[in-house]
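Architecture at a glance
Spelled out, the chains give:
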Amino acid sequence: MSNEKRTFGVILTRFALSFYFIVTGLCLLGVGGSEAAKEISTALSYVRLGDAANIVRIILAVIILLCGAILFIRFFCKRGAFDWILLTITLLVWIFSATIIAFSTFPSSLQGSLYWLLRLSQNLLVIAGLLVIHF
């Protein structure tokens, strides 16, 4: 038996994050549109990677998709070393992109400030969820 946390909150968080990551990864690959995918693409353009931004975007999409799939698969089997590495990479990538997004899209109006706070809090919820599941 695994010694993972299995409270209802952790299970619900894992379920929500797995679908959020799967949808965000698909949107980064161009299968739809989401705010998170747009923000990650904006963050990559802010870093000024040029043509390499598309390659980095695809790599991030694959990492996020894999993390979502691993979180979903972990409902049914034990946690492994690959899971830990992938969750750590996803956590670091999300912290990095949330930081770039927060500083690159700082608002100038009250309405923009509220939207900025909403997106910042959503990114912090994803980071907190990963920390709860990961550690």
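Let me begin by describing the structure that accompanies this report. Keep in mind it's a predicted model, so treat the numbers as computed, not measured.

Regarding its fold elements, the protein chain presents 5 helices and 0 strands. The secondary structure elements of the protein chain, listed N-terminal to C-terminal, are α-α-α-α-α. Relative to the globule expectation of 14 Å for 135 residues, the C-alpha radius of gyration of the protein chain, 15 Å, shows essentially globular dimensions. Principal-axis analysis of the C-alpha atoms gives the protein chain an extent of 50 × 35 × 25 Å. Here the protein chain, with 135 residues, has 38% of them falling under the buried criterion. Long-range contacts, defined here as pairs at least 24 residues apart, represent 71% of the contacts in the protein chain between residues at least 6 apart.

Below, the discussion takes up the nonpolar core. Formed by 25 residues in total, the largest nonpolar core has its most connected members in Leu17, Phe21, Ile40, Leu71, Trp94 and Leu130. Mapped onto this core, the elements with two or more residues apiece are helix 1 (8-28), helix 2 (35-46), helix 3 (52-73), helix 4 (81-104) and helix 5 (110-134). Among the elements that line this core, the one with the most residues is helix 3, at 8 residues. Dropping the residues within four chain positions of it, Leu17 is found in contact with Leu71, Val126, Gly129, Leu130 and Ile133.

Here is what the cut-offs are and how they apply
- Each chain has its residues counted from 1, running along the sequence as written.
- Local features in a predicted model are, by the rule used here, given only for residues with pLDDT of at least 70; side-chain atom pairs are given and counted only at 80 or more, and totals for whole chains, interfaces and linings are based on all residues.
- Think of the side-chain values as coming from all heavy atoms in the structure, minus any hydrogens and water.
- Only runs of H or I of at least four residues qualify as helices and only runs of E of at least two qualify as strands under DSSP, and these elements are numbered from the N terminus.
- Atoms considered for the radius of gyration are the C-alpha atoms alone. The globule rule reads 2.2 Å times the number of residues to the power 0.38.
- Only protein chains enter the accessibility calculation, which uses a 1.4 Å probe. A residue is then buried if its area is under 20% of the maximum for its type, exposed if over 50%, and partly exposed in between.
- Here, residues are in contact when the closest pair of their heavy atoms is within 4.5 Å.
- Here, nonpolar core means buried Ala, Val, Leu, Ile, Met, Phe, Trp, Tyr and Cys residues that are tied together by side-chain atoms lying within 4.5 Å of each other.

Without other data, these values stay purely geometric and don't point to any function.
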